[in-house]
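Spelled out, the chains give:
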Amino acid sequence: EAGVTQFPSHSVIEKGQTVTLRCDPISGHDNLYWYRRVMGKEIKFLLHFVKESKQDESGMPNNRFLAERTGGTYSTLKVQPAELEDSGVYFCASSQEPGFSDTQYFGPGTRLTVL
Amino acid sequence: AQSVAQPEDQVNVAEGNPLTVKCTYSVSGNPYLFWYVQYPNRGLQFLLKYITGDNLVKGSYGFEAEFNKSQTSFHLKKPSALVSDSALYFCAVRDPGYSSASKIIFGSGTRLSIRP
């Protein structure tokens, strides 16, 4: 069974440009999460989808970030316009079971560098 | 506020010796606790979790962790370290009683280095 995949693995853009990150969850997982790790600090939650609906987006830093999950399969995270402080590693995770004891399985991450 | 602390940025252990990676947490309710590992150029891999029941939890690659409610700790342990255990380890907590219970709260990570 394939794990969580993310594309691209690396992205280098200039300040003010737009970047779109993609996450493909494990097949059959209704729950999809986005996290990011900035400047080697803690990994922080961004948002949670259940199928195509945003269940919790309390971690989204500002309105430059837009996440979508059309059709309840893959998800995209768009940053527009990108700022220097957006640099970091963006992780996607998915889980199958409902409830809070479920295990979240993470992808390899997308390393975003904003110059 | 919910939080996780990993007091050691780096832990160095000789191969074959026991290892401990420390973690303490602060939540308002009963915690769900997790350990993840990140190998170089790889994503986060799930190691083990504590939900309820036996305080000693066994996970992948011979790792185990002990939940201690009185000390609010969830230290990761392994009886005999391998060089291949060298990686970045993250402790994490989920608080079902929290208004934003979807999210996992991570510690800052501990780099484990096993010398031959």
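Refer to the structure presented above.
This one's a predicted model, so the numbers in the text were calculated from it and none came from an experiment. Numbers given to residues run from 1 along each chain, matching the order in which its sequence is written. Lettering of chains starts at A and numbering of ligands starts at 1, both following the order in which they are written. Whole-chain, interface and lining totals are the exception, using all residues; otherwise, since this is a predicted model, local features are given only for residues with pLDDT of at least 70 and side-chain atom pairs are given and counted only at 80 or more. Only hydrogens and water are set aside when side-chain values are computed; all heavy atoms of the structure are taken into account.

This part is about the sheet that holds strand E1 (residues 5-7) of chain A. Residue and element names in this part refer to chain A. Here, a strand pair is defined by DSSP locating no fewer than two bridges between the strands. A run of H or I in DSSP counts as a helix once it spans at least four residues, and a run of E counts as a strand once it spans at least two, with each numbered from the N terminus. The strand order across the open sheet formed by four strands is E1-E3-E8-E7, and the pairing between neighbours is antiparallel. Edge positions in the sheet fall to E1 and strand E7 (65-68), since each of these pairs with one other strand and no more. Each strand of the sheet is rotated relative to its neighbour by a mean of 15°, with strand direction disregarded. Here five bridges tie strand E3 (residues 19-24) to strand E8 (residues 75-79), and the two strands are oriented antiparallel to one another. The partner of Leu 21 across the bridge, within E8, is Leu 77. Helix axes are fitted to C-alpha atoms over the stretch in contact, other axes to C-alpha atoms as well, and angles between N-to-C directions run from 0 to 180 degrees.

All names here are of chain B. Think of a salt bridge as a Lys or Arg side-chain nitrogen and an Asp or Glu carboxyl oxygen that are within 4 Å of each other. On inspection of all chains with the given rule, the structure shows seven salt bridges over all chains. A salt bridge links Glu 64 to Lys 58, with the nearest nitrogen and oxygen atoms 2.9 Å apart. Type-normalised accessible area, obtained with a 1.4 Å probe on protein chains alone, sets the label of each residue: buried when under 20%, exposed when over 50%, and partly exposed for intermediate values. Classification of Lys 58 by relative accessible area gives exposed; the value is 63%. For the salt bridge of Lys 78 with Asp 85, the shortest nitrogen-to-oxygen distance reads 2.8 Å. Of the two residues, Lys 78 and Asp 85, neither departs from the other in class, the shared state being buried.

When two cysteine sulfur atoms lie within 2.5 Å, the pair is treated as a disulfide. Inspection of every chain in the model, using the stated rule, returns two disulfides over all chains. Between the sulfur atoms of Cys 23 of chain A and its disulfide partner Cys 92 of chain A the distance amounts to 1.8 Å. In this structure the cystine formed by Cys 23 of chain A and Cys 92 of chain A twists about its S-S bond by roughly -65°; its chirality is therefore left-handed. Here Cys 92 of chain A lies in strand E9 (residues 88-95) and Cys 23 of chain A lies in strand E3, a separation of 69 residues in the sequence. The class for Cys 92 of chain A is buried, based on a relative accessible area of 0%. Through a disulfide, Cys 23 of chain B is tied to Cys 91 of chain B; the S-S separation comes to 1.9 Å. Where Cys 23 of chain B bonds to Cys 91 of chain B through sulfur, the torsion about that S-S bond is close to -65°, and the disulfide is left-handed. Of the two residues, Cys 23 of chain B sits in the loop between strand E3 (19-21) and strand E4 (24-26) while Cys 91 of chain B sits in strand E10 (residues 87-94), which places them 68 residues apart along the sequence. Judged on exposure class, the residue Cys 23 of chain B and its partner Cys 91 of chain B are both buried.

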